[in-house]
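Observations on the three-dimensional arrangement
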Amino acid sequence: MASGVHREFLLELFSAGHDVDGTADVIRCALFDNDRAPTVDDTATQAAYNGAGGSYLAATAEVTDATIWPATGIAVTADVSVSNVTNGIVMYDLTADTTNSPLTGTLANVYYAMLYNDTHASDRAMSWHDLSGPQGVTSGTFAVVWGTNGAFRLDA
Amino acid sequence: MTTTGKSKVRAYPATVVAVDNVEPPADRDKKAEEAEHDG
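Figured I'd write up the structure that's included with this text. Treat the numbers as computed from the prediction; the structure is a model and nothing was measured.

What about the packing of aromatic side chains?
Residues and elements named next belong to chain A. All told, the structure shown has six aromatic pairs over all chains when counted by the stated rule. An angle of 10° between the planes, with centres 4.9 Å apart, marks the rings of Tyr49 and Tyr116 as stacked. Taken together, the positions of Tyr49 in the loop between strand E2 (27-32) and strand E3 (74-76) and Tyr116 in strand E6 (residues 105-117) put the pair 67 residues apart, joining distant regions of the chain. With relative accessibility at 12%, the residue Tyr49 sits in the buried group. Taking relative accessible area as the criterion, Tyr116 reaches 0% and is therefore assigned buried. Of the aromatic side chains, those joined through ring pairs into one cluster are Phe32, Tyr49, Tyr56 and Tyr116.

Here is the structure:
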């Protein structure tokens with residue numbers, strides 16, 4: 001699946017494990033290569049930033065640049081103003097595209113942007129988003145542009 | 001309970017805007033300063 005929401009994250013929503021609709025919990029966006037494709041059914045251990053056996057290993061899979069996309073990613077903010085949509089849809093969107101522009105740097109082999117809850121004890125991965133990789137930049141700026149449908153939706 | 005058969009959770013792909021070879025701010029400022037002196 002090119003993009004998805006981790007089941008473990010959804011499960012924890014039922015037990016108040018996350019407060020991700022505003023500024024209470026720190027949500028970050030990190031970049032990863034295609035060493036391993038994430039799946040919705042990744043285990044609790046795998047569906048976490050730097051989780052063993054998962055797709056988000058900091059040492060081997062994360063793509064970083066000291067300036068424009070530091071290790072552990074860039075903090076993002078949920079846009080609660082548009083989170084509730086009509087027709088039974090709840091949308092999780094962000095206030096802005098994710099970038100450190102105008103800072104410049106070099107990135108290579110970027111395939112996925114992953115959102116995770118940095119406040120959660122296990123740094124729970126929430127969702128991953130296909131970037132049609134490989135993507136990169138040389139001595140330039142890099143932005144992840146979220147679509148009009150937001151990052152993800154729950155459709156009742 | 002209403003069963004519609006279409007309930008789902010879906011994540012959406014994102015796109016990337018990458019701009020290569022952006023002039024470092026320091027160089028840009030230096031050039032602007034030089035241009036000012038030249039002018």
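Looking at the pairing of strand E8 (residues 152-155) of chain A
Inspection of the sheet shows strand E4 (residues 89-92) of chain A paired to E8(A) by four bridges, in the antiparallel sense. Considered in E8(A), the bridge of Tyr92(A) is made with Phe152(A). Relative to strand E1 (residues 8-11) of chain B, E8(A) is paired through four bridges, and the arrangement is antiparallel. Bridge assignment links Leu154(A) to a residue of E1(B), and that residue is Val9(B).

Topic: a nonpolar patch on the surface
A cluster of nonpolar side chains, namely Val90(A), Leu154(A) and Val9(B), defines an oily patch on the protein surface of about 200 Å² accessible area. By secondary structure assignment, the location of Val90(A) is in strand E4. On the basis of relative accessible area, Val90(A) is assigned to the partly exposed category, the value being 40%.

Regarding the interface of chain B and chain A
The interface is formed by 18 residues belonging to chain B together with 29 residues belonging to chain A. For the pair chain B and chain A, the summed buried area comes to about 1900 Å², and 52% of that belongs to carbon and sulfur atoms. At the surface where chain B touches chain A, the tally comes to one salt bridge. We note a salt bridge from Lys8(B) to Asp155(A), for which the minimum N-O separation is 3.6 Å. Inspection of the region where chain B meets chain A yields eleven residue pairs in polar contact (both at pLDDT 80 or more). Secondary structure elements with two or more residues in the side of chain B that touches chain A: E1 and strand E2 (15-19) of chain B.

Digging into the nonpolar core
All names here are of chain A. Grouped together as the largest cluster of nonpolar side chains are 30 residues, with contacts concentrated most on Leu31, Tyr92, Leu107, Phe142, Val144 and Trp146. For this core, the secondary structure elements donating two or more residues are helix H1 (7-13), E2, E3, E6 and strand E7 (125-145). Top contributing element to this core by residue count: E7, with five residues. Residues in contact with Leu107, not counting those within four places in the same chain, are Leu31, Val63, Thr64, Asp65, Ile68, Trp69, Gly136, Val137 and Phe142. Core analysis: the next-biggest nonpolar cluster, separate from the first, contains eleven residues, Tyr56, Tyr111, Tyr112 and Met114 among them.

What to know about the side chain of Asp25(A)
Residue and element names in this part refer to chain A. Summarising the element assignment, Asp25 is placed in the loop between H1 and E2. Within the buried core, Asp25 has no salt-bridge partner, and the shortest N-O distance to an opposite charge, that of Arg124, equals 11 Å. A polar side-chain atom of Asp25 sits 2.9 Å from the main-chain amide nitrogen of Asp19. Among the polar contacts listed, one links the side chain of Asp25 to the side chain of Asn117, at a separation of 2.9 Å. For Asp25, the residues in contact, after removing those within four places along its chain, are His18, Asp19, Val20, Asn117 and Thr119.

Rules and cut-offs
Residues numbered from 1 in each chain as written. Chains lettered and ligands numbered in written order. Predicted model: local features only at pLDDT ≥ 70, side-chain atom pairs only at ≥ 80, totals over all residues. Heavy atoms only, no water. Phe/Tyr/Trp six-rings, centres within 6.5 Å; stacked < 30°, edge-to-face > 60°. Helix = DSSP H or I, 4+ residues; strand = E, 2+ residues; numbered from the N terminus. Buried < 20%, exposed > 50% of the residue type's maximum accessible area, 1.4 Å probe, protein only. Pairing = 2+ DSSP bridges. Patch = residues over 30% accessible without salt bridge, like charges linked within 9 Å, V, L, I, M, F, W, Y side chains within 5 Å. Areas by Shrake-Rupley, 256 points an atom, 1.4 Å probe, with all protein chains shown as cover. Salt bridge = Lys/Arg side-chain N within 4 Å of Asp/Glu carboxyl O. Contact = heavy atoms within 4.5 Å. Buried area = accessible area lost by both parts, 1.4 Å probe. Polar contact = N/O pair within 3.5 Å; in protein donor to acceptor, adjacent residues only side chain to side chain. Core = buried A, V, L, I, M, F, W, Y, C linked by side-chain atoms within 4.5 Å. Lys, Arg positive; Asp, Glu negative; His and termini not counted.

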